[in-house]
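Spelled out from the first residue to the last, the chains are:
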Amino acid sequence: MKKQFVLSVFFVLVLTISTYGQEGFAAKAGFNNVSVSVDTGDDFFGDASDSELGFYVGGGYNFELSEDFDIEPSLLFSFVDDLTSLYIPVMFKYKVADKFNIQGGPQINYLLEDLPDGEFGLDLAIGGGYQIDSNWFVEARYGFQVSRGGDFGDFVDINTLTVGAGYRFN
């Protein structure tokens, strides 16, 4: 089931990319830090939290909407010790200077672990990027969990910091 979901998402992303303009496909990779907070519901013991460092790989496609605005949907696989995930961010980018941009937008995440419930989550991601030259760029963003499906989402909060680099094929 999970493999079918991943293949379906990839197919939809490729179909979407091929339907619009050709501003540029990008390969991306970098480090991520996934923070998990659990509300134990116990006032005596309090909440529990943990943070793990890992990496991500994937790709995206940048669409130029205007001289100052771009949109970039991506498909990223995140690997940490206990939590492998698929992220689908749709970042709206505003160019604040020639090479700098600020980014924000929704981010769907899907846990690829065997969990009974709560595989899907919705984040709000914000960050920024710097275009080194016409092909290379760096970016960083933080994803705040907005919601998570099922009973799992009632007591677990998953947030992600990503810092990486990419190469845009123009």
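Values in this document were obtained by computation on a predicted structure and should not be read as measured data. (Residues numbered from 1 in each chain as written. Predicted model: local features only at pLDDT ≥ 70, side-chain atom pairs only at ≥ 80, totals over all residues. Heavy atoms only, no water.)

1. Some thoughts on the pattern of salt bridges
Moving on, step 1. Evaluation of the coordinates by the stated rule reveals 6 salt bridges.
Moving on, step 2. The salt bridge partner of Lys28 is Glu139, with a shortest N-O separation of 3.1 Å. Of this pair, Lys28 sits in strand 1 (residues 25–38) while Glu139 sits in strand 8 (residues 136–148), and the two are 111 residues apart along the sequence. Residues Lys28 and Glu139 agree in their burial class; the two are buried.
Moving on, step 3. Asp70 serves as the salt-bridge partner of Lys95, at 3.5 Å between the closest nitrogen and oxygen. A residue pair is termed long-range when its members are at least 10 positions apart, and Lys95 in strand 5 (residues 85–95) and Asp70 in strand 4 (residues 69–79) qualify at 25 residues.
Moving on, step 4. Judged by relative accessible area, which is 26%, Lys95 ranks as partly exposed. (Salt bridge = Lys/Arg side-chain N within 4 Å of Asp/Glu carboxyl O. Helix = DSSP H or I, 4+ residues; strand = E, 2+ residues; numbered from the N terminus. Buried < 20%, exposed > 50% of the residue type's maximum accessible area, 1.4 Å probe, protein only.)

2. Digging into the nonpolar core
Moving on, step 1. With 6 residues, the main nonpolar core is built from Val34, Val80, Leu83, Leu111, Val156 and Ile158.
Moving on, step 2. Those residues in contact with Leu83 that sit more than four places away from it in its chain are Val34, Val36, Ser78, Leu111, Glu113 and Ile158. (Core = buried A, V, L, I, M, F, W, Y, C linked by side-chain atoms within 4.5 Å. Contact = heavy atoms within 4.5 Å.)

3. Side note on the layout of surface pockets
Moving on, step 1. Taken as a whole, the largest pocket encloses approximately 390 Å³ of empty space.
Moving on, step 2. The wall of the largest pocket is formed by 21 residues, among which Asn62, Asp70, Lys95, Asn101 and Gln131 lie closest to the centre.
Moving on, step 3. Put simply, the parts of the chain that give the lining of the largest pocket at least two residues each are strand 5, strand 6 (100–111), strand 7 (120–131) and strand 8.
Moving on, step 4. Within the lining of the largest pocket, the residues separate by chemical class into 5 nonpolar, 7 polar and 9 charged. (1 Å grid on protein atoms, 1.4 Å probe; cavity = no way out; pocket = protein on both sides within 12 Å on 5 of 7 lines; lining within 4 Å. Points joined across faces, edges and corners; volume = space filled by probe spheres on them. Nonpolar A, V, L, I, M, F, W, Y, C, P; charged D, E, K, R; others polar.)

4. Looking at empty space enclosed by the protein
Moving on, step 1. In this structure the tally under the stated criterion is 1 cavity of 30 Å³ or more.
Moving on, step 2. Of the volumes computed, that of the largest cavity is approximately 60 Å³.
Moving on, step 3. Among the elements of the structure, strand 4 and strand 9 (156–169) are those that each provide at least two residues to the lining of the largest cavity.
Moving on, step 4. Grouping the amino acids of the lining of the largest cavity by side-chain chemistry returns 3 nonpolar, 5 polar and 1 charged.

5. What to know about the packing of aromatic side chains
Moving on, step 1. Summed over the entire model, instances satisfying the criterion amount to 9 aromatic pairs.
Moving on, step 2. On the basis of an interplanar angle of 45° and a centroid distance of 5.0 Å, the ring pair of Phe69 and Tyr94 is categorised as tilted. You can see Phe69 sitting in strand 4 and its partner Tyr94 sitting in strand 5, a full 25 residues away along the chain.
Moving on, step 3. Here the aromatic residues Phe25, Trp136, Tyr167 and Phe169 are joined through ring pairs into a cluster of three or more. (Phe/Tyr/Trp six-rings, centres within 6.5 Å; stacked < 30°, edge-to-face > 60°.)

6. So, the environment of Asp50
Moving on, step 1. Tracing the backbone through its elements, the reader meets Asp50 in strand 2 (residues 48–61).
Moving on, step 2. Taking C-alpha positions, Asp50 is 6.6 Å from Ser37, a pair spaced 13 residues apart along the chain.
Moving on, step 3. Each residue touching Asp50, except ones within four places of it in the same chain, is listed here: Val34, Ser35 and Val36.

In short, shape yes, function no, at least from these values alone.
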